[in-house]
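As a plain string of letters, each chain reads:
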Amino acid sequence: MKHKTSQHLQSPDFDIYCATMLIEDNLKSLNKLRTDELFNEISDQTKKFIVDSDYEFEPLPPHRSRKRKQMADENAIDELTERFIGNNNTSSNSSKSHDKFTLGLLKDISLLSKKRLNEVKQNIKNLPVDAFDIFGKIYSKFVQPDNARHEYKEFCNYFELLEKCESLPNMLHDNRDTAVCFEDSDINQEEDFDSENDNYLLSNKEDNDASEKNIKNHGSLTLIYRLFCNHGSLKIMFPTLFTMYKIALTLPVGSVETERSFSKLKIIKNRLRFTMSNDRLEALMRINCEQDIDIDYTCVIDKFSLKSSLLIKNLTF
């Protein structure tokens, strides 16, 4: 189960509600393992396996402890430090209440995704009765649960239409006048050239639209927030919902991208590259982490060629 939860959380567009359910299931299984009865049962099974098995078990050889070489600007000490833990009952109770509110908040945020909006639109009864209650308790200064549920139901009815209006369709009119002919051959050549460029731009636009349509879970929060920003009237029509999207986007729901960035950092800045400057490190990190961004190489070459006359002569045609 832990392996499935890890795989689900590492996906680029994971379902927040499904992730919270997997985490709660893992917490229940871990709490069961921490009971004395189950621990004694596992211990008895292990001892029985050792007695009944034909294998000869030998004690593991002791390993010599190694100390990691410290860097020039490192002040870490290879010694244990004492820390105050406090009362176990108090800390456990506070952590349980904290986890309860955190998971409840994540469940409310999962309702803001594109997938859940479509589910509620198909059947308004799919919206839970206590939706956005914990969101309202934590952010009571900005969000009222009743207003949030009312605006959410209204927004579900208009979301599909607003999403279609976000970009122009391939054909604006059903009946197109195709009987217009031009006698000038130069104009025809220019039109052919323009049509090729339009087809190229249209294909790129369709690819981007297709990739955005595949985003349905927590990754769709950014797309819906962009919808609010492009249509200023939506902020007035759904003020509570707009505030909830702003809060949801500022919360660290997933840390996968951050962890991947630190993994790239360990690969780029290793012990052999420790004297690398911050500007070069930042540039290499940006190249590795932002590989999904489409870059117009022609525009890059044109800007780079403006640095000197020699580059203009060699790079431009």
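These figures come from a predicted structure and were not determined experimentally. (Residues numbered from 1 in each chain as written. Predicted model: local features only at pLDDT ≥ 70, side-chain atom pairs only at ≥ 80, totals over all residues. Heavy atoms only, no water.)

Student: Explain the packing of aromatic side chains to me, please; I cannot follow it from the model alone.
Tutor: Any pair of aromatic rings gets described here by the distance separating the centres and the angle formed by the planes. Per the stated rule, a full pass over the model turns up eight aromatic pairs. A centroid spacing of 5.4 Å and a plane angle of 80° characterise the contact between phenylalanine 155 and phenylalanine 238, whose relative ring orientation is edge-to-face. Residue phenylalanine 155 is found in helix α7 (residues 145–164), and its partner phenylalanine 238 is found in the loop between α10 (232–237) and α11 (239–250); the two are separated by 83 residues along the sequence. Since its relative accessible area comes to 0%, phenylalanine 155 is described here as buried. Ring plane angle 35° and centroid distance 5.6 Å describe the contact between phenylalanine 228 and phenylalanine 242, whose orientation is recorded as tilted. (Phe/Tyr/Trp six-rings, centres within 6.5 Å; stacked < 30°, edge-to-face > 60°. Helix = DSSP H or I, 4+ residues; strand = E, 2+ residues; numbered from the N terminus. Buried < 20%, exposed > 50% of the residue type's maximum accessible area, 1.4 Å probe, protein only.)

Student: Just to check I follow, could you spell out α11 for this structure?
Tutor: Since there are 3.6 residues in each turn of an α-helix, residues three or four apart along the chain are aligned in direction. The first and last C-alpha atoms of α11 sit 17 Å apart over 12 residues, in line with the 16 Å expected at 1.5 Å per residue. For α11, the set of buried residues is Thr240, Leu241, Phe242, Thr243, Met244, Tyr245, Ile247 and Ala248. (Expected span 1.5 Å × (residues − 1).)

Student: Where do I start with the pattern of salt bridges in this structure?
Tutor: Side-chain pairs of opposite charge can arise whenever the charged atoms involved come near each other. Overall, the coordinates contain eight salt bridges when judged by the stated rule. The shortest N-O distance in the salt bridge between lysine 121 and glutamate 160 comes to 2.3 Å. With lysine 121 in helix α5 (residues 114–122) and glutamate 160 in helix α7, this residue pair connects regions lying 39 residues apart in the sequence. We classify glutamate 160 as partly exposed; its relative accessible area is 35%. One salt bridge in this structure joins glutamate 282 and arginine 286, with 2.9 Å as the shortest N-O distance. Here arginine 286 and glutamate 282 lie together in helix α13 (residues 278–289), a separation of four residues that amounts to about one turn. A residue is classified by how much of its surface remains accessible, and glutamate 282, at 46% relative accessible area, is partly exposed. By relative accessible area, arginine 286 is classed as exposed at 52%. (Salt bridge = Lys/Arg side-chain N within 4 Å of Asp/Glu carboxyl O.)

Student: Please explain the packing of α5 against α7 as it appears in this structure.
Tutor: Two quantities define a packed helix pair, namely the angle between the helix axes and the distance between the axes. For the pair α5 and α7, the least separation of the axes is 9 Å and the interaxial angle reads 110°. One finds that α5 runs roughly perpendicular with respect to α7. Each of Lys114, Arg116, Leu117, Asn118, Val120 and Lys121 in α5 lies in contact with α7, whose residues at this interface are Tyr152, Phe155, Cys156, Asn157, Phe159, Glu160 and Glu163. (Axes fitted to C-alpha atoms, helices over the stretch in contact; angles between N-to-C directions. Parallel < 35°, antiparallel > 145°, perpendicular 65-115°, else oblique. Contact = heavy atoms within 4.5 Å.)

Student: Would you explain the environment of leucine 227 in this entry?
Tutor: Among the structural elements, leucine 227 can be located in helix α9 (residues 220–230). A relative accessible area of 4% means that leucine 227 is categorised as buried.

Student: Help me out: how do you make sense of the confidence of the model for the chain in this one?
Tutor: Segments scoring low in pLDDT should not have their predicted coordinates read at a detailed level. Across the chain, pLDDT averages 75, with 72% of residues at or above 70. At the level of individual helices and strands, the chain shows its lowest average pLDDT in helix α8 (residues 185–213), which scores 48, and its highest in helix α6 (residues 133–138), which scores 91. Ignoring residues within four places in sequence, the model shows residues 178–187, a span with pLDDT below 50, making three contacts including any to other chains. Low confidence marks residues 200–208, where pLDDT is under 50. Its contacts with residues over four positions away, or in another chain, come to five contacts. (pLDDT = per-residue confidence, 0-100.)

Student: I would appreciate a short explanation of unusual backbone geometry in the present structure.
Tutor: Note: most peptide bonds trans; most residues except glycine with negative phi. In the Ramachandran plot, phenylalanine 132 falls in the positive-phi region, its phi being about 65° despite a non-glycine side chain. Here phenylalanine 132 lies in the loop between α5 and α6. Judged by relative accessible area, phenylalanine 132 falls into the buried class, the value being 0%.

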